[in-house]
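Take a look at the letters that make up each chain.
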Amino acid sequence: MNSHPFITKALEERNHTNQFRNIVESSIDGVYIQRNGNRLINFSSNDYLGLASNPDVALASKKFIDRFGNGSAASRLITGTGEYHIELEKKLASALGTEASLIFNSGYQANTTVIPALAGRNSLVLSDKLNHNSLLQGANLSLGKLQRYRHNDPGHLKTLLKRAEGHYERILIVTESVFSMDGDVADLAVISSLAKSYGAMLMVDEAHAIGVLGENGMGLCVRKYNADIILGTFGKAFGSFGAFVACSQAMRDYLINFCGGFIYTTALPPSIIGAATKSLELVAGMDGERLTLAQNADYLRKRLRDSGYDTLKSGTQIIPVIIGDEEKTVSLSKYLADQGIFAVAIRPPTVKQNSSRIRITLSSMHTKEHIDQLMTALIAWNDRS
Ligand SMILES: *Cc1c(COP(=O)(O)O)cnc(C)c1O
């Protein structure tokens, strides 16, 4: 095979800095994960409500295959739109209180293509510094100019908006509602009022809020904040795969006409839409699970704080346990695995230097005993080192 020097060099560099990433086979079994022959409590899943293993969701998926077949066989604009897509889009819009919604194949695909569709030449994209990679990529792919404001700092956002006045045709503000690495919540009230006063568009990525927070668990933007684009995914709390945008009817028409990531791709198949349709139905009735999840998070944060761990401004089911040093963080993650706990180490370049962390994501399936087991291990590790 050909060897390309740039590939060898890049990989060697990664190896050298101990940042070589690889994929490891796992099998998921509710709140547990099987890896390398071990069964561990999983604290790194986005299956916040346990829907990834819900039998009703699985059954709905099977029924949709029986009724509509395996594949959608074309893109949405050719012949790939089934009644099941349209039905789900109507239900999503109604659940989010928007005029319309539009399904995308993944959150990554939506973010990398919706932003370029909205921000053309002479546009400015103002993006929170901690926004997900897909949002950053979307801004970079657009013909607009990108400026990143300090994390969850509406004051800095305002400064940039003031400076931009009169210089751009369009301004798009992009933020997550629940931030995926820090687990804190964006100040959407202030951000949306800034968007309004400066005539900017607002896009809110609710990947970690959908299913978990807000009215009927449909996110923080339900009937609030007037965002132009609300992005939700089916891969996290919904337990399957895919994504959607909730928006106005005009925005939906615009994306159908101008968003490459919607136009030039095969429509999601019936099995996936069946699962998402069932999850949407179930999520509305899962206040009990949401309460358990919130209580789990409060309990873990309190115990972490009592043991001297920094959890930044986490207020959600995502809880960073800040260690700082990269090597120490990796060795803690390995130690936890030895104690029957799976919790990934997150390091630069994913997060800032010296903010390496164990990133805990909780589920409503976790029990107090699971969390206590995690804390016992974290405390023992602290005493050792
Ligand atoms: C997971 C995630 C995405 C990507 O969604 P997929 O459907 O998994 O591609 C986008 N934005 C945020 C904030 C995410 O956490």
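Basis of the calculations
- Residues numbered from 1 in each chain as written.
- Predicted model: local features only at pLDDT ≥ 70, side-chain atom pairs only at ≥ 80, totals over all residues.
- Heavy atoms only, no water.
- Pairing = 2+ DSSP bridges.
- Helix = DSSP H or I, 4+ residues; strand = E, 2+ residues; numbered from the N terminus.
- Contact = heavy atoms within 4.5 Å.
- Axes fitted to C-alpha atoms, helices over the stretch in contact; angles between N-to-C directions.
- Parallel < 35°, antiparallel > 145°, perpendicular 65-115°, else oblique.
- Left-handed = near helix turned anticlockwise from the far one by under 90°.
- Nonpolar A, V, L, I, M, F, W, Y, C, P; charged D, E, K, R; others polar.

With that settled, the discussion passes to the sheet that holds strand β13 (residues 345–346). Sheet architecture is open: three strands sit in the order β11-β14-β13, paired in antiparallel fashion. Of all the strands in the sheet, just β11 (318–324) and β13 have a single pairing partner and so form its edges. Pairing geometry for β11 and strand β14 (residues 356–361), over six bridges, is antiparallel. Note that in β14 the partner of isoleucine 322 across the bridge is arginine 357. In this fold helix α12 (residues 287–306) packs onto β11 and β14, with an angle of close to 20° to the strand it touches most, β11. Its contacts with the sheet put helix α13 (residues 326–338) on β11, β13 and β14, and the angle it makes with β14 is roughly 35°.

Our next topic: the sheet that holds strand β3 (residues 38–42). Strands sit in the order β1-β2-β3-β12 across an open sheet of four strands; the sheet is mixed. Sheet topology places β1 (26–29) and β12 (341–342) at the edges, where each strand pairs with a single neighbour. Across two bridges, the pairing between β3 and β12 is parallel. Across the sheet, the residue bridging to asparagine 42 is phenylalanine 342, located in β12.

Following both chains from N to C, one finds helix α5 (residues 107–118) and helix α6 (residues 133–141) inclined at 30°, their axes separated by 7 Å at the closest point. By the criterion of interaxial angle, the relationship of α5 to α6 is roughly parallel. For α5 against α6, the interelement crossing comes out right-handed. Contact residues: α5 offers Tyr108, Asn111, Thr112, Ile115 and Pro116, while α6 offers Asn133, Ser134, Leu135, Gln137, Gly138, Ala139 and Leu141. Tallied by class, the residues present in the contact of α5 with α6 amount to six nonpolar, six polar and no charged.

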